Amino acid sequence: MTKQSYSSVYDAWKADPDGFWMDAADAIDWTTPPTRAFDPDAGAYGRWFPDAAGNTCYNCVDRHVERGRPGQAAVIYDSPISGKKRTITYAELKRDVEAMAAVFLDKGVQKGDRVILYMPMIPEALIAMLACARIGAIHSVVFGGFAAHELATRINDSTPKLIVCASCGLEPGRVVAYKPLVDAAVAEATHKPDAVLVWQREEHRADLDQPHDHELNTLVEDAEVRHREVPCVPVAATDPLYILYTSGTTGQPKGVVRDTGGHMVALAWTMKNVYGVEPGEVFWAASDVGWVVGHSYIVYAPLLCGCTTVLFEGKPVGTPDAGTFWRVASEHNVAALFTAPTALRAIKKEDPDGKLAADYNLTSFRTLFLAGERADPDSIQWAERALGVPVIDHWWQTETGWAIAANPVGIELLPVKLGSPTVAMPGYDIQVVDEGGQPVAAGDLGNIVVKLPLPPGCLPTLWGDDARFRRAYLETFPGYYQTADAGYVDEDGYLFIMSRTDDIINVAGHRLSTGAMEEVISGHPAVAECAVIGVTDSLKGQVPCGFIVLKSGVTQSHGEIEQELVKRIRDQIGPVAALKLVVTVERLPKTRSGKILRGTMRAIADGETYRMPATIDDPAILDEIDAAIRQRGVGRQAAG
Ligand code: COA
Ligand code: AMP
C-alpha cells in the first residue's frame, strides 16, 4: 500500500466529505449502521449519522472482550500520590462497568437521564462514565478543582438523577474532601438529585449523613449486582453521550453536548491518523477526566481503538519528582504521551538540562503531543532535546472534542514550525477573517473561524439552550463557527494561534472565565467595580489578577478586603482559578462609553508597548494603574 500524504487525505475529505466520514464510520460497530453521513436540514448546522444507532460502551469495552482482547490491559492506574497501581483488563473492565451500571439502574437511572460525576483520577471515574454510556444515561463530569457553587450551577443546568462522587481527591500535601462540597452544592441548587453515591477511599472516609447518601463500594460489591449482565442500550447516533461544562463569558458555564455516533467516528479516526497509535499500544493523556482531553483521550479514544490507557493520579513535579512522567512512560511502555505545555515548563524548571529522562528506558516512546494552551518554542525544544522524539503541538477546544489543527503523525509527519499547531485536520475548513467576516491575507491576524458544517464529534448544541449556542458560535460570522481564537495562517498553510477574542484566560492549561471571576468579586459588599485580567506567567502561561475600586465610605483595610476576595474566588469557583492577587485602585481606565480597558491593563502588566486607546476617557488613569502594577509586583513572573 502506498503511504498517504497529509494533502491527499485532506483533499479526499474536501472532495467528498460524506464519503470520507462514511469510510471512517466502518471503524465502529453499530446496531443500526448509517446509510448516510449527514443531514444538512437537522439541528443548527446539520447532524451526523442521522439514521444510525449504537452504543459507545459496547465499542469501548465489549467488542474487545468478544474479539481477542479480554486479557489485554484496558486501563493502567498509576497513582504516585497514593502509592497505588492497578491494571484492569478489558474483561475486568466489562465486569466492573456492568456492576456500576447495575447500581445506576437500581437507583432508577434510565436512558437519557443525567448523572453528575465529581471524581478524582481513579478507575471508578472512568468506570462510571462507561456505565452511563452503557445504559444510555448522559454523564456530566465536574472537575475536582471546582468549588461547591460551580457544582451547584451544573446541577441546576443538567438536572441529574444521581450524583456520583468519591470521598476525596488527593492534592500534594492536602486531602480534598469532596462530600462536604457535594452537600453544599446540593443545598444551594434548586434541583435535587434522587441519590448521592459515594466511593469511599481509604485516605479519607466521607460521612454519609444525608438520607439520599449511599456507599458506592458496598453497592457494587453486592453479589447480585456483581453477577448481573447489563446489556448495552442502543441509542441514536444523535443522542447525547455526555455534557461537559466549559467556561463561557459569564458565570453560567456552557454545557457542551457531545453526540454518540459522530464522537465515536471522529475519535477512532484520530487515534490512528493524528496520534499514529495502533490497537494494543499504550496511550497516555496526562490530563484529568474533568477536562475534554480526559474525556477524549484518557477514556474514549484509546478504548474505542483497543489501546491501553494510562490513568495517572499525580502531578508532573513533586509526586515524587520531575522524573515521574518518564518513569510512567517507561514502566508502562507508553507509545505516545499527551500533556499540556505547562506540565513541561514545571518539569523544565526542576530539571533544566532534561537529565532525568535519561534514567529511564524510553524505547517504546515515539511522540509527545501538546495542547490546551500555546506551546512556547523553548519548552518544545527542551522536550525534543530531552526525549529525542517529535514534539507535536495541536489545537482544539472543549467544543470540538478533537484536534482542529495538528501535525498528523499517523499519516505523515510534516515539518514542525515552532509556535504553530501545524495544519487543518480533515473535517475542518479553517479560515481567518476580519471583523466584517472577510478573509484576510496570509500572515495577517484575524478571527479564526471554521466553515460550517463542523465535522463529526463537534458539539451540535449547548445543553438545553439552542439559542445560546447559535448566539455564541454561529451568529457573528454567518456560515462559520466562531472559535473565539485569533491568529493567522502563513503562506504554507500553517496556523498560528495568538490569543482569545473573548475574556477566557488559560491558567496552567485550564480554561477559565475572567467574567465569572468578576461576577464573584462584584458580589463583595465593599466592591464598587472590578476588572480581572490574565497576566503572563512563566509557569502557568497566564494567571488572573483582580483590580478593584471600593465603594466610598468603606473603612475596612484594603489588604483585608483583597484577602477576602482571594478566598471568595477559591470558595466559589475553586482552587483551580488560582487567583492570588487583588489590587485596590482609585479608578479603572475606561472608554468614553464606559467600557473597561482590560486589554490595555493586561499590556501594562505584561510590560508590552501599547497604543493609547483613541476612545479613552482619561489617559491619566493608565499611569495610576501602571504605578499600582509596579508597586504590587503584578506580572513580575512574566515569561522570560
Ligand atoms: N482537585 C482539587 N484541587 C485541585 C485539583 C483537583 N483536581 N487540581 C488542582 N487543584 C488545586 C491545586 O491543588 C492548587 O491548589 P493550591 O492553590 O492550594 O496550591 C490549585 O488548584 C491550582 O492548581 P494548578 O493550577 O494545577 O497549579 P499547581 O501549582 O497545583 O500545579 C502544575 C502546577 C503545572 C504542576 C499543574 O497545573 C499541572 O500539572 N498542569 C497540567 C495541566 C493539565 O493537565 N491541564 C489539562 C488540560 S490538557
Ligand atoms: P479548552 O476548551 O479548555 O480545551 O480550551 C480551548 C482553548 O485553549 C482554545 O480556544 C485556545 O484558546 C487554547 N488552546 C488549546 N490548544 C491550544 C494550542 N495548541 N495553542 C494555542 N492555544 C490553544
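The name given to the protein in an unreviewed UniProt entry is Propionyl-CoA synthetase, with the source organism recorded as Amorphus orientalis. Taken from UniProt, the Sequence similarities (unreviewed entry) comment for the protein reads in full: "Belongs to the ATP-dependent AMP-binding enzyme family."

Draft legend 1. Geometry of the UniProt feature "domain: AMP-binding enzyme C-terminal" (unreviewed entry) in the protein. According to UniProt, the "domain: AMP-binding enzyme C-terminal" (unreviewed entry) feature falls on residues 517–595. The distance separating the terminal C-alpha atoms of residues 517–595 is 17 Å; by composition the span is 27% helix and 32% strand.

Draft legend 2. Representation of the packing of aromatic side chains in the model. All chains considered together, the criterion is met by 33 aromatic pairs. A ring pair is formed by tyrosine 6 and tyrosine 10, whose centres lie 5.7 Å apart and whose planes are at 35°; its orientation type is tilted. With tyrosine 6 and tyrosine 10 both in helix α1 (residues 6–15), this residue pair falls four residues apart, about one helical turn. As far as burial versus exposure is concerned, tyrosine 6 and tyrosine 10 are alike and both buried. An aromatic cluster of three or more residues is present, and its members are Phe20, Trp21, Trp30, Phe38, Trp48, Phe49, Trp269, Trp402 and Tyr428. Arginine 154 extends its terminal NZ or CZ atom over the ring of phenylalanine 146, reaching a point 4.7 Å from the ring centre. One cation-aromatic arrangement involves lysine 417 over tyrosine 494; the distance from NZ or CZ to the ring centre is 4.7 Å.

Draft legend 3. Summary view of the site of ligand 2. Near ligand 2, the surroundings consist of 14 residues, among which His394, Thr398, Asp485, Arg500 and Arg511 are the closest. Here an oxygen atom of ligand 2 and a side-chain polar atom of threonine 398 are 2.5 Å apart. Interatomic distance of 2.5 Å between a side-chain N/O atom of aspartate 485 and an oxygen atom of ligand 2. When ligand 2 sits alone it has 490 Å² of accessible area, and the protein chains cover 92% of it. Considered class by class, the residues forming the shell around ligand 2 number three nonpolar, five polar and six charged.

Draft legend 4. Focus on the site of ligand 1. Taken together, 22 residues sit near ligand 1, with Glu171, Arg174, Lys540, Arg570 and Lys580 positioned nearest. Lysine 540 is positioned with one of its side-chain polar atoms (N or O) 2.9 Å from an oxygen atom of ligand 1. Summarising the interface, the protein chains cover 83% of the accessible area of ligand 1, which totals 940 Å² for the free molecule. Tallied by class, residues from the shell around ligand 1 come to ten nonpolar, six polar and six charged. Inspection of the shell around ligand 1 shows a minimum of three residues originating in each of domain 1 (86–233) and domain 2 (508–639).

Draft legend 5. Structural view of the sheet that holds strand β14 (residues 235–236). The antiparallel open sheet is built from three strands, whose spatial order is β1-β4-β14. The open sheet has two edge strands with one neighbour each: β1 (30–32) and β14. In this structure, β1 lies alongside strand β4 (residues 53–54), joined through two bridges in antiparallel fashion. Each bridged residue has a counterpart across the sheet, and for threonine 32 the counterpart in β4 is alanine 53. Lying on the sheet, helix α10 (residues 260–273) is in contact with β1, β4 and β14; it crosses β1 at an angle near 145°.

Draft legend 6. Just the domain arrangement of the protein, in detail. Domain annotation for the protein reports domain 1 (86–233) and domain 2 (508–639). Put simply, the middle of domain 1 and the middle of domain 2, counted by C-alpha atoms, are 37 Å apart. In this complex, domain 1 contributes eight residues to the contact, which on the side of domain 2 involves seven residues. Between domain 1 and domain 2, a total of about 590 Å² is buried, with carbon and sulfur atoms accounting for 59% of that surface. Considering only the side of domain 1, the residues that lose the most area to domain 2 are Gly145, Phe146 and Ala147, jointly responsible for 48% of the buried surface there.

Draft legend 7. Examining the pattern of salt bridges more closely. As enumerated under the stated definition, the model contains 47 salt bridges in all. One salt bridge in this structure joins aspartate 62 and arginine 134, with 2.8 Å as the shortest N-O distance. With aspartate 62 in helix α3 (residues 56–66) and arginine 134 in helix α5 (residues 123–135), this residue pair connects regions lying 72 residues apart in the sequence. By the burial criterion, aspartate 62 is buried, and arginine 134 matches it. A salt bridge links lysine 179 to aspartate 209; the shortest N-O distance between them is 3.7 Å. Placement of the pair is lysine 179 in helix α7 (residues 179–188) and aspartate 209 in the loop between β12 (195–199) and β13 (213–215), with a sequence separation of 30 residues. You can call aspartate 209 exposed: its relative accessible area is 51%. Taken together, the salt bridges that share partners define one network made up of Lys84, Arg201, Glu202, Glu203 and Glu313.

Cut-offs and rules
Throughout this document, residue positions are counted from 1 along each chain, in the order its sequence is written. Here every chain gets a letter starting at A, and every ligand a number starting at 1, in the order they are written. Given that the model is predicted, a residue must reach a pLDDT of at least 70 before its local features are reported, and side-chain atom pairs must reach 80 or more before they are shown or counted; all residues, however, enter totals for whole chains, interfaces and linings. By convention in this description, side-chain values take in all heavy atoms of the structure and omit both hydrogens and water. UniProt positions are given in the numbering used here, feature names are shortened, and annotations may be inferred rather than shown by experiment. Each helix corresponds to a stretch of at least 4 residues labelled H or I by DSSP, and each strand to a stretch of at least 2 residues labelled E; elements are numbered beginning at the N terminus. Planes of paired rings set the category: under 30 degrees apart is stacked, over 60 is edge-to-face and the rest tilted, where pairs are Phe, Tyr or Trp rings (Trp by its six-membered ring) whose centres lie within 6.5 Å. Each residue's exposure class comes from its accessible area (1.4 Å probe, protein chains only) as a fraction of the maximum for that residue type: buried when under 20%, exposed when over 50%, partly exposed otherwise. The criterion for a charge sitting over a ring is simple: Lys NZ or Arg CZ within 6 Å of the ring centre, and within 35 degrees of the ring normal. Proximity is defined per residue: if any heavy atom of the residue lies within 4 Å of a molecule or strand, that residue is considered near it. Contacts described as polar in this section are N or O atom pairs within 3.5 Å, which, within protein, must combine one atom able to donate a hydrogen with one able to accept it, while residues neighboring in sequence count only if both atoms come from side chains. Working definition of accessibility: Shrake-Rupley area with a 1.4 Å probe, residue cover restricted to the visible protein chains. Ten residue types, Ala, Val, Leu, Ile, Met, Phe, Trp, Tyr, Cys and Pro, are classed as nonpolar, four, Asp, Glu, Lys and Arg, as charged, and the remainder, Gly among them, as polar. Residue ranges for the domains trace back to a domain assignment, done automatically or taken from a database. Strand pairing is assigned whenever DSSP detects at least two bridges linking the two strands. It only takes one pair of heavy atoms within 4.5 Å for two residues to be counted as in contact. Here the axes come from fitting lines to C-alpha atoms, over the contacting stretch only for helices, and the angles between their N-to-C directions go from 0 to 180 degrees. Reported buried area values correspond to the accessible surface (1.4 Å probe) lost by two parts on association, with both partners' losses combined. Salt bridges are defined as contacts in which a side-chain nitrogen from Lys or Arg sits within 4 Å of a carboxyl oxygen from Asp or Glu.

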